[in-house]
Amino acid sequence: VAVLAGLVVFPAVFSFGIDPAAGPQLVFITLPTVFAQMTGGYFFSILFFLLVAVAALTSTISIMEVQTATIAEEFKMNRKVALGVMSVIMVVIGCMCSYSLIPIEGGNELAFFGVSLFDVFDILTSYVILPIGGLLILLFLGWFYKKEDLYDILVVETKCSEGLFKVYYFFLRFIAPLLLLAVFLQQLGLF
């Protein structure tokens with residue numbers, strides 16, 4: 001659904017003269033315009049947005065699993081109660097993010113330094129949390145995880161060649177962390 005949305009949204013954005021920098025809201029700005037001009041557009045719009053909702057719901061289930069399991073284990077909580085707590089927290093944050101996109105007189109209610117709360121979470125996730133998480137995973141696999149265990153997984157179990165493993169391990173330890181660090185610093189405007 002996400003790939004199809006990307007293939008549909010961007011040509012439509014340029015066809016209708018919509019600002020491509022609008023961000024994740026593009027799908028809700030562009031596609032209603034496209035569906036309105038299509039034969040049977042009403043049916044296809046319902047079907048498409050239903051599929052987007054299913055994709056979002058299934059993603060939410062996998063995303064909330066980590067937090068739910070952590071809360072249940074750390075606080076010795078029943079799993080259903082932990083899921084309820086996480087659901088309430090996510091609904092509150094989601095409502096605040098959605099509300100921050102509604103333009104009101106005098107600007108957004110939930111804006112920080114002129115940026116909506118939705119965009120704050122988007123920027124924080126895309127430019128800080130994901131690169132740092134990726135860098136930590138690379139550092140862990142390259143420097144702290146046993147080389148022999150990684151060898152067993154990649155060479156013994158998946159039948160990868162030893163030569164390819166050596167190249168992979170070198171990139172994992174030295175090249176990939178440096179490249180990811182460079183991308184991270186570039187996104188922050190420091191490089």
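It should be noted that the structure appears before, not after, this text.
Definitions and limits used
- Residues numbered from 1 in each chain as written.
- Predicted model: local features only at pLDDT ≥ 70, side-chain atom pairs only at ≥ 80, totals over all residues.
- Heavy atoms only, no water.
- Helix = DSSP H or I, 4+ residues; strand = E, 2+ residues; numbered from the N terminus.
- Rg over C-alpha atoms; globule rule 2.2 N^0.38 Å.
- Buried < 20%, exposed > 50% of the residue type's maximum accessible area, 1.4 Å probe, protein only.
- Areas by Shrake-Rupley, 256 points an atom, 1.4 Å probe, with all protein chains shown as cover.
- Lys, Arg positive; Asp, Glu negative; His and termini not counted.
- Charge placed at Lys NZ, Arg CZ, Asp CG, Glu CD.
- Core = buried A, V, L, I, M, F, W, Y, C linked by side-chain atoms within 4.5 Å.
- Contact = heavy atoms within 4.5 Å.
- Arc of directions from axis to C-beta.
- Polar contact = N/O pair within 3.5 Å; in protein donor to acceptor, adjacent residues only side chain to side chain.
- Axes fitted to C-alpha atoms, helices over the stretch in contact; angles between N-to-C directions.
- Parallel < 35°, antiparallel > 145°, perpendicular 65-115°, else oblique.
- Left-handed = near helix turned anticlockwise from the far one by under 90°.
- Nonpolar A, V, L, I, M, F, W, Y, C, P; charged D, E, K, R; others polar.

**Concerning the overall build of the chain**
Thought 1: Scanning the chain from N- to C-terminus turns up seven helices and two strands.
Thought 2: Whereas a compact globule of 191 residues would reach a radius of gyration of roughly 16 Å, the chain reaches 22 Å, over 25% beyond that.
Thought 3: A burial count over the chain gives 19% of its 191 residues as buried.
Thought 4: If you sum the accessible surface of the chain, you get close to 13500 Å²; carbon and sulfur atoms cover 73% of it.
Thought 5: In the chain, 8 positive and 13 negative side-chain charges are present, and the distance between their average locations comes to 15 Å.

**Description of the nonpolar core**
When a protein is soluble and globular, its nonpolar side chains tend to lie buried together.
Thought 1: Counting residues in each nonpolar core, the largest one holds eight residues, listed as Val9, Val13, Ile18, Leu26, Val27, Leu31, Phe35 and Phe48.
Thought 2: For this core, the elements supplying multiple residues, two or more each, are helix 1 (2-15) and helix 2 (26-36).
Thought 3: Sorting elements by how many residues they give to this core places helix 2 first, with four residues.
Thought 4: Other than its neighbours up to four places away in sequence, Val13 contacts Ile18, Asp19, Pro20, Leu26 and Thr30.
Thought 5: Membership of the second largest hydrophobic core comes to six residues, among which are Leu138, Leu150, Phe165 and Leu172.

**What about helix 2?**
Thought 1: Residues Leu26, Val27, Thr30, Leu31, Val34 and Phe35 constitute the buried set of helix 2. Summarising the axial view, the buried residues of helix 2 lie within an arc of 130°, below the 170-degree limit, and thus occupy one face. Exposed side of helix 2, more than 90 degrees from the buried face: Phe28 and Ala36 are the residues found there.

**Some points on the side chain of Ser100**
Thought 1: Inspection of the secondary structure puts Ser100 in the loop between helix 4 (79-99) and strand 1 (111-112).
Thought 2: Since its relative accessible area comes to 0%, Ser100 is described here as buried.
Thought 3: Reaching out from Ser100, the side chain makes a polar contact with the backbone nitrogen of Phe118 at a distance of 3.1 Å.

**Notes on unusual backbone geometry**
Glycine aside, residues mostly have negative phi, and peptide bonds are mostly found in the trans state.
Thought 1: In this model, Lys76 sits at a positive phi of 50°, which is unusual for a non-glycine residue.
Thought 2: When you line up the elements, Lys76 lands in the loop between helix 3 (41-74) and helix 4.
Thought 3: Owing to a relative accessible area of 74%, Lys76 belongs among the exposed residues under this scheme.
Thought 4: If you check the backbone angles, Lys159 has positive phi at about 65° while not being a glycine.
Thought 5: Since its relative accessible area comes to 68%, Lys159 is described here as exposed.

**What about the packing of helix 3 against helix 4?**
Thought 1: For the pair helix 3 and helix 4, interaxial distance at closest approach is 8 Å and the crossing angle is 125°. Taken as axis vectors, helix 3 and helix 4 run oblique relative to one another. For the pair helix 3 and helix 4, the sense of crossing is right-handed. Residues Met64, Glu65, Gln67, Thr68, Ala69, Ile71 and Ala72 of helix 3 form the contact with helix 4, whose own contacting residues are Arg79, Ala82, Leu83, Val85, Met86, Ser87 and Met90.
Thought 2: Split by residue class, the contact of helix 3 with helix 4 holds nine nonpolar, three polar and two charged.

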